[in-house]
Amino acid sequence: MEVKTSLLDNMIGVGDMVLLEPLSEDSFINNLKKRFDHSEIYTYIGSVVVSINPYRPLPIYSPEKVEEYRNRNFYELSPHIFSLSDEAYRSLRDQDKDQCILITGESGAGKTEASKLVMSYVAAVCGKGAEVNQVKEQLLQSNPVLEAFGNAKTVRNDNSSRFVKKMLWQKLTPMTLSLDLLEKSRVVKQPRGERNFHIFYQILSGASEDMLNKLKLERDFSRYNYLSLDSARVNGVDDAVNFRTVRNAMQIVGFMDHETQSILEVVAAVLKLGNIEFKPESRVNGLDESKIKDKNGKMILVFTLALVAYYARDALAKNLYSRLFSWLVTRINESIKAQTKVRKKVMGVLDIYGFEIFEDNSFEQFIINYCNEKLQQIFIELTLKEEQEEYIREDIEWTHIEYFNNAIICDLIENNQTGILAMLDEECLRPGTVTDDTFLEKLNQVCATHQHFESRMSKCSRFLNDTSLPHSCFRIQHYAGKVMYQVEGFVDKNNDLLYRDLSQAMWKANHSLIKALFPEGNPAKINLKRPPTAGSQFKASVATLMKNLQTKNPNYIRCIKPNDKKAAHIFNEALVCHQVRYLGLLENVRVRRAGYAFRQPYELCLERYKMLCKQTWPHWRGPARAGVEVLFNELEIPKEEYSFGRSKIFIRNPRTLFKLEDLRKQRLEDLATLIQKMYRGWKCRTHFLLMKRSQIVIASWCRRYAQQKKYQRIKSSAIVVQSYIRGWKLYWLRLIIHLPSNLSQMQKYFLEMKNKMPSLSPVDKNWPARPYLFLDSTHKELKRIFHLWRCKKYRDQFTDQQKLIYEEKLEASELFKDKKALYPASVGQPFHGAYLEISKNPKYKKLKDAVEEKIIIAEVVNKINRANGKCASRIFLLTKNNVLLADQKSGHIKSEVPLGDVTKVSMSSQNDGFFAVHLKEGSGAAGKGDFLFSSDHLIEMATKLYRTTLSQTRQKLNIEISDEYVYFLLVFKRTFPSVQHANRFISQKSNLG
């Protein structure tokens, strides 16, 4: 068997920073640069993966690479994100431990792409089967949808995640995803050089003209106040292509067409909300009054200040979009049939926006950086502090490592009494005049002496003359560096209140999705409690996230951005050094070098490796620690490579662990071979003995059976022969008795019929006369059989197109035969449908582009004006779902009626081409009344309209044929404004009698 050795010693630079000599910040950066220059973007720090964004595609993620890293030891191959993914997945699968892959780094470092790679790897190696593969494909296809609605261009990243994504995988099957902390303030305002969420630009760039018309949108970005124009276009990004990708992904995930339409309608509604402007209608108590009314004129809200009205508008837009985003996640989970009721072991992939330091930092950057502080804190606790504490608990010799604990910064922000968030909430809730300045003043009073808080207005005199710190700002010294925050907007953004009246108005909306997004608007569920502030909600979400992370086995991917230009092959050492410092990577290396790479409880270690020693296999009868000591002594492992703790064995070098794993693998193969050998021997012997006994029994029964069977066979054969002979005699006796005397007449009849057969035409009604009375029934049956036979022969000659034509002709016969005098003349006329040949005639190119569906009928008809009875030529188009009327000269669509809104077609029984199309009352197309047409192809148009409506709506279209004058007045009571107009029309344009 091939001996597996670590490839870490033969790499460019050092693949694992734990092995780096000498260890310093310069050598650390130089090693990263050396590997980056040779396209080695992954480096280990023990079990932590450091990933540098290459800003270009690399050929290291193919299906062959997936198989290469599958079920391999972590250090067995070159550093790769697949190796960590495989380690986490196998720990979940084999050891039944909850896993979490935490992907951190600043914006633009490649966190989103890293999470996609982890998901694609786990999807490739987990369970198989048609249903499982479908669920995995749906989960992977959810990425384009979530990126469209949750990602945006920032100054540092063209595809920055503005939410926290947690992907949970359950044992062998993908489970569910969860999303938190959406940056919903971006909906109404974006910093300079950034964009709103991708979906807004994608829908305006990629939607068809028909869709934009339905959504009542225009393609011009500048028409919408919520869209920033300075960065509306992104180099290398095609929003139109991405929109089609999102539509296709939504279909794969399981969104129905009407759901997709509803989602786009909500997105369009958010865009149009930003264009609402408020003007005062009156003054009440010296204040301008702005009002919002519904379409019926009923008052919804009255604002005493336009500023308050704009605030309410933006709050509604943010809530509408954020709730839509949450609904999308819930809908995706329903589609992939996530079963979250049963608690099972899971692996979570956490992709969160990175630390942000911009030129202008506001409330959004404050809470994002707070979340990153908490993530750094849990990293410190789980990989540094916990590492040292465990060594102390286990009484293992340890070199103490000093490190910065950022808990003091977290306390500055989240302390329930003196924290910045607590004081911000206090300002938002207290009565009286509350402004951003009063909030800053309160900070200056409470946080003045805090070593990580800086403000020129505080009591601390050392910042009074700091000109780099404006009076309207405060500065926090984060673990990643100092960040100055503009206090303007903190109070309003933290309030983020949605007026109860607006929630109730949304709940009363006719749009089913919007109504579902605002359940609190239900009058039966009114809650008078003030909703929590944005800061407190964010803090609670972060606390929940931290609690979940602490219950799982962590795996870390630390992402680094090599340059700010988003360019390949550029490595900015100063920028990378800054990230290495605030990610605490050097401290992590020192901890790993000072300690042990692997540790495991004695019981688990003995259970896993006991087969490597004869004294411990198959059962050890003493304490687990003593068994491990015997095992390691038997294997002659150097004593400096391990230490015994109070409850665990500690292994210093990963190579020692690999040696144990290789020995175990070889031993398991030997044991499997032994078990197979013993099983095969037992199986063969058991089978032989069974076959031997069976052979004896079968032989004895066969001899006995052969003797009995021989006698019975002879006896039964004689009986059968006798019965056949008796039956044959009886049959012929009866035949002779009942045979008619005129046998010769029957023979003559059939011979004559052979020569007198009519033609094979189904319409030929000729048939030879009956020669004899006693053959009357036979003669009729022969005529019927012959007619059916020649009809079948005739039908077999039809092509599929001819069959469709005859089906339409048959439908027309059932509808109009003996009812409409015009029908007989249409029988011999083929139904062409597309008389205008729109696809070939360049005159109708604009009309062709506007109609995306297949055209069933394209014909010029005369439309009767309801006001004066005059005729106007129109192009009548029938598609799969709609009836359209277009101007004959310009090709512009005048009317579009869904087939579901057509209730009836009426006409007279005379030889005229007039017919009326009746529309459903209350529908959008019925506002101008029913349609009255005149056409030379009335029968064909009515037939195709009837068949298409039946096919699409599963309901038969009512075709009414009547000659009564009074009926006509009733039928067209909405077509003509008065009886005089109807009389004038009948006398001038019709010959109905």
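The structure displayed is predicted, hence computed values, not measured ones.

What counts, and at which threshold
Residue indices follow the written sequence of each chain, beginning from 1 at its first position. Two thresholds apply to this predicted model, a pLDDT of at least 70 for residue-level local features and 80 or more for giving and counting side-chain atom pairs, whereas whole-chain, interface and lining totals are computed over all residues. Computation of side-chain values covers all heavy atoms of the structure but excludes hydrogens and water. Helix and strand assignments follow DSSP, with helices taken as H or I runs no shorter than four residues and strands as E runs no shorter than two, numbered in order from the N terminus. Buried, partly exposed and exposed residues are distinguished by accessible area as a fraction of the type maximum, computed with a 1.4 Å probe on protein chains only: under 20%, between the cut-offs, and over 50%, respectively. Every residue pair with non-hydrogen atoms within 4.5 Å of one another is taken to be in contact. All accessible areas in this document rest on Shrake-Rupley with a 1.4 Å probe, and a residue is counted as covered only by the protein chains that are shown. Two strands are counted as paired when DSSP detects at least two bridges linking them. Whenever a helix is involved, its axis is fitted only over the stretch in contact; in every case the axis is a line through C-alpha atoms, and angles between N-to-C directions fall within 0 to 180 degrees. By salt bridge we mean one thing: a side-chain nitrogen of Lys or Arg within 4 Å of a carboxyl oxygen of Asp or Glu. Classification of ring pairs rests on two measures: the distance between centres of Phe, Tyr or Trp rings, Trp counted by its six-membered ring, which must be within 6.5 Å, and the angle between planes, read as stacked under 30 degrees, edge-to-face over 60 and tilted in between. Residues enter a nonpolar core if they are buried and are Ala, Val, Leu, Ile, Met, Phe, Trp, Tyr or Cys, with the set joined through side-chain atoms within 4.5 Å. Angles below 35 degrees are treated as roughly parallel, those above 145 as roughly antiparallel, those between 65 and 115 as roughly perpendicular, and all remaining angles as oblique. Three classes are used: nonpolar for Ala, Val, Leu, Ile, Met, Phe, Trp, Tyr, Cys and Pro, charged for Asp, Glu, Lys and Arg, and polar for all others, with Gly counted as polar.

Asker: So what exactly am I meant to see when it comes to the overall build of the protein here?
Answerer: Of regular secondary structure, the protein possesses 31 helices and 26 strands. Here the protein holds 993 residues, and 47% of them are scored as buried. Contacts in the protein between residues at least 24 apart in sequence constitute 64% of all its contacts with a sequence separation of at least 6. Carbon and sulfur atoms make up 53% of the accessible area of the protein, which totals about 52400 Å².

Asker: What is the right way to read the sheet that holds strand S22 (residues 893-898) from this model?
Answerer: The strands that make up a sheet are held in pairs by hydrogen bonds between backbone atoms, and each pair lies either parallel or antiparallel. Pairing is mixed in the open sheet, where eight strands are placed in the order S22-S21-S20-S19-S25-S24-S23-S26. Only two strands of the sheet have a single partner each, and these edge strands are S22 and strand S26 (958-961). When the angles between neighbouring strand axes are averaged without regard to direction, this sheet yields 30°. Across two bridges, strand S19 (residues 855-864) lies against strand S25 (residues 931-934) in antiparallel orientation.

Asker: Would you mind showing me how to read the pattern of salt bridges here?
Answerer: Side chains that carry opposite charge are capable of pairing whenever their charged atoms lie near each other. Counted according to the given criterion, the structure contains 39 salt bridges. Of the charged contacts in the structure, one is a salt bridge between Glu427 and Arg430, with a shortest N-O distance of 2.9 Å. Its relative accessible area of 3% is what places Glu427 among the buried residues. Looking at Arg430, the relative accessible area reads 31%, which means it is partly exposed.

Asker: Before we go on, may I ask you to explain the pairing of S19 in this structure?
Answerer: Each regular strand shows side chains that alternate between the opposite faces of the sheet. With nine bridges connecting them, S19 and strand S20 (residues 871-879) associate as antiparallel partners. In the sheet register, Val860 faces S20, and the bridge partner there is Ile875. Linkage of S19 to S20, two consecutive antiparallel strands, is achieved through a turn of six residues, within which Gly869 is found at a positive phi near 80°.

Asker: Would you explain unusual backbone geometry in this entry?
Answerer: Backbone phi values are negative for most residues with the exception of glycine, while trans is the configuration of most peptide bonds. The residue after Trp617, namely Pro618, is reached through a cis peptide bond having omega 0°. Relative to the helices and strands, Pro618 is located in the loop between helix H21 (602-609) and helix H22 (624-634). Phi at Asp395 takes a positive value of approximately 60°, unusual for a residue other than glycine.

Asker: What should I look at first to understand the packing of aromatic side chains in this one?
Answerer: Each pair of aromatic rings is reported with the distance of its centres and the angle of its planes. Taken as a whole, this structure holds 27 aromatic pairs when the rule is applied. Each ring, one from Trp767 and one from Phe786, has its centre 5.7 Å from the other, and the planes form 40°; the classification is tilted. Residue Trp767 is found in the loop between helix H24 (743-755) and helix H25 (776-795), and its partner Phe786 is found in helix H25; the two are separated by 19 residues along the sequence. Each member of the pair, Trp767 as well as Phe786, carries the same accessibility label: buried.

Asker: Could you clarify how one ought to interpret the nonpolar core in this entry?
Answerer: Side chains of a nonpolar character, in soluble globular proteins, are inclined to be buried together. Formed by 63 residues in total, the largest nonpolar core has its most connected members in Phe28, Leu32, Phe366, Phe474, Leu549 and Ile560. Looking at which element gives the most residues to this core, the answer is helix H11 (residues 363-393), with eight residues. Non-local contacts of Leu32, meaning those with residues more than four positions away in its chain, are made with Met17, Thr43, Val50, Ile52, Ile560, Phe571, Val576 and Val580. Listed in part, the 56 residues of the second largest apolar core include Leu212, Tyr224, Leu227 and Ala232.

Asker: I keep staring at the packing of helix H6 (residues 198-206) against helix H9 (residues 257-273) and nothing clicks. Help me out?
Answerer: Helix-helix packing: each pair is described by the crossing angle between the helix axes and the interaxial distance. With their axes 11 Å apart at the nearest point, H6 and H9 run at an angle of 105° to one another. One finds that H6 runs roughly perpendicular with respect to H9. Residues Ile199, Phe200, Ile203 and Leu204 of H6 pack against Leu264, Val267, Val270 and Leu271 of H9. Looking at the contact of H6 with H9, its residues break down into eight nonpolar, no polar and no charged.

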